[in-house]
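As a plain string of letters, each chain reads:
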Amino acid sequence: MRLIFGIFPLLVIPVILYNLIALGAGSVDTTNAAGQLVQSVQAPIAGLLSERFLGLPMISGVEWVLTKGDAIVLLAVTFLFLEILKSTSTGTATIVNHGISLLLFIICLVQFLLMPNFATSTFFILMAMTLLDVLAGVIVTIVSARRDFGVDGNV
C-alpha cells in the first residue's frame, strides 16, 4: 500500500475532480431563439465554479463565501504540500512519481489549451500546481540525494 501511495501523485485527485465537473458541464456552442449558432466567450463551467460551496458568518458581520472553484484549489494546495513532503525520499517510487507528475502536467496543459471548459483560472492554477509539483519534487529529491550520498573529503 505504501508503494502505491509513493508512486501515485496526489494532485491527480483534484484534476480528476475538475475533469468530472468540466466534462459534465455542457458544450460551448448554443443556439439562440432564431436557431443561429452562438459561441460562448466564456467557458460554460465558469458559472458552476463560481457557485457557493460554503458560507460562514464572520464576527465583522459579513459572510465569508467559499466557491466550488476555490474549494478545488484549496484541496490542490493541500495535496501539493503532501507531494513536496513525499519528494524528500530518494527511492525508485519517488522517481516514478515525478514521471507520472510530469505526464499529469502535460495532460493538463493539453486540456487547458484545447478544451473550452478547461480555460478557467481555477484549472490554470491546478495546472501550475502540477508544474510546481514536478519542479519542486525533482529539486527536493536531488538535494535530498546529495545529502544522503556522503563523500570523504580525500576523494
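Note that the coordinates shown come from a computational prediction; the quantities given were computed from them, not determined experimentally.

Quick notes on the rules
Residues numbered from 1 in each chain as written. Predicted model: local features only at pLDDT ≥ 70, side-chain atom pairs only at ≥ 80, totals over all residues. Heavy atoms only, no water. Pairing = 2+ DSSP bridges. Helix = DSSP H or I, 4+ residues; strand = E, 2+ residues; numbered from the N terminus. Buried < 20%, exposed > 50% of the residue type's maximum accessible area, 1.4 Å probe, protein only. Contact = heavy atoms within 4.5 Å. Core = buried A, V, L, I, M, F, W, Y, C linked by side-chain atoms within 4.5 Å. Patch = residues over 30% accessible without salt bridge, like charges linked within 9 Å, V, L, I, M, F, W, Y side chains within 5 Å. Areas by Shrake-Rupley, 256 points an atom, 1.4 Å probe, with all protein chains shown as cover. Salt bridge = Lys/Arg side-chain N within 4 Å of Asp/Glu carboxyl O. Phe/Tyr/Trp six-rings, centres within 6.5 Å; stacked < 30°, edge-to-face > 60°. pLDDT = per-residue confidence, 0-100.

Section: the pairing of strand β4 (residues 63-67)
Link 1 in the chain: Pairing of strand β3 (residues 52-57) with β4, which is carried by five bridges, proceeds in the antiparallel orientation. Its bridge partner being in β4, Arg-52 is matched across the sheet by Thr-67.
Link 2 in the chain: Counting the residues in the hairpin turn of β3 and β4 gives five residues, including Gly-61, whose phi is positive at 105°.

Examining the environment of Lys-68
Link 1 in the chain: Position of Lys-68 among the secondary structure elements: in helix α4 (residues 68-86).
Link 2 in the chain: For Lys-68, a relative accessible area of 28% puts it in the partly exposed group.
Link 3 in the chain: Each residue touching Lys-68, except ones within four places of it in the same chain, is listed here: Leu-48, Leu-49, Glu-51, Arg-52 and Phe-53.

Brief notes about the nonpolar core
Link 1 in the chain: Core analysis: the largest hydrophobic core is formed by 22 residues, its most contacted members being Leu-11 and Tyr-18.
Link 2 in the chain: Elements that contribute at least two residues to this core include exactly α2 (12-23), α4, α5 (92-114) and α6 (121-148).
Link 3 in the chain: Ranked by residues supplied to this core, first place goes to α4 with five residues.
Link 4 in the chain: The residues touching Tyr-18, leaving out its near neighbours within four places in the chain, are Ile-45, Leu-49, Ile-72, Asn-117, Phe-118, Thr-120, Thr-122, Phe-123 and Leu-126.

Topic: a nonpolar patch on the surface
Link 1 in the chain: Together, Leu-23, Leu-102, Ile-106, Leu-109, Val-110, Leu-113, Leu-114 and Met-115 line one region of the surface with nonpolar side chains, adding up to about 750 Å² of accessible area.
Link 2 in the chain: At six residues, the largest contribution of residues to the nonpolar patch is made by α5.
Link 3 in the chain: As for its position among the elements, Ile-106 is in helix α5.
Link 4 in the chain: The partly exposed category is assigned to Ile-106, whose relative accessible area is 42%.

A look at the packing of aromatic side chains
Link 1 in the chain: With the rule as written, the count across this model stands at four aromatic pairs.
Link 2 in the chain: Measuring from centroid to centroid gives 5.5 Å for Tyr-18 and Phe-118, while their planes differ by 50°, and the two rings are tilted. One end of the pair, Tyr-18, is in helix α2; the other, Phe-118, is in the loop between α5 and α6, with 100 residues separating them in the sequence. As far as burial versus exposure is concerned, Tyr-18 and Phe-118 are alike and both buried.
Link 3 in the chain: Measuring from ring centre to ring centre gives 4.9 Å for Phe-118 and Phe-123, while their planes differ by 80°; the resulting arrangement is edge-to-face.
Link 4 in the chain: For Phe-118, a relative accessible area of 1% puts it in the buried group.
Link 5 in the chain: With a relative accessible area of 0%, Phe-123 lands in the buried category.
Link 6 in the chain: Here a set of aromatic residues connected by ring pairs shows up, and it is made of Tyr-18, Phe-118 and Phe-123.

Notes on the confidence of the model for the chain
Link 1 in the chain: Averaged over every residue, the pLDDT of the chain is 85; residues scoring 70 or more account for 81%.
Link 2 in the chain: Strand β1 (residues 29-31) is the least confidently modelled element of the chain, averaging 61 in pLDDT, while β4 averages 95, the highest of any element.

Some details on the pattern of salt bridges
Link 1 in the chain: A complete count under the given rule lists three salt bridges for this structure.
Link 2 in the chain: With a shortest N-O distance of 2.6 Å, Arg-52 and Glu-63 are connected by a salt bridge. Of the two residues, Arg-52 sits in strand β3 while Glu-63 sits in strand β4, which places them 11 residues apart along the sequence.
Link 3 in the chain: Relative accessible area serves as the criterion here: at 46%, Arg-52 is assigned to the partly exposed category.
Link 4 in the chain: Among the residues examined, Glu-63 registers a relative accessible area of 43% and is labelled partly exposed.
Link 5 in the chain: Where Lys-86 meets Glu-83, a salt bridge forms, and the shortest distance between an N and an O atom there is 3.0 Å. Pair noted here: Lys-86 and Glu-83 are both in helix α4, with a separation of three residues, about one helical turn.
Link 6 in the chain: For Lys-86, a relative accessible area of 16% gives the class buried.
Link 7 in the chain: Glu-83 gets classed as buried once you look at its relative accessible area, which sits at 2%.

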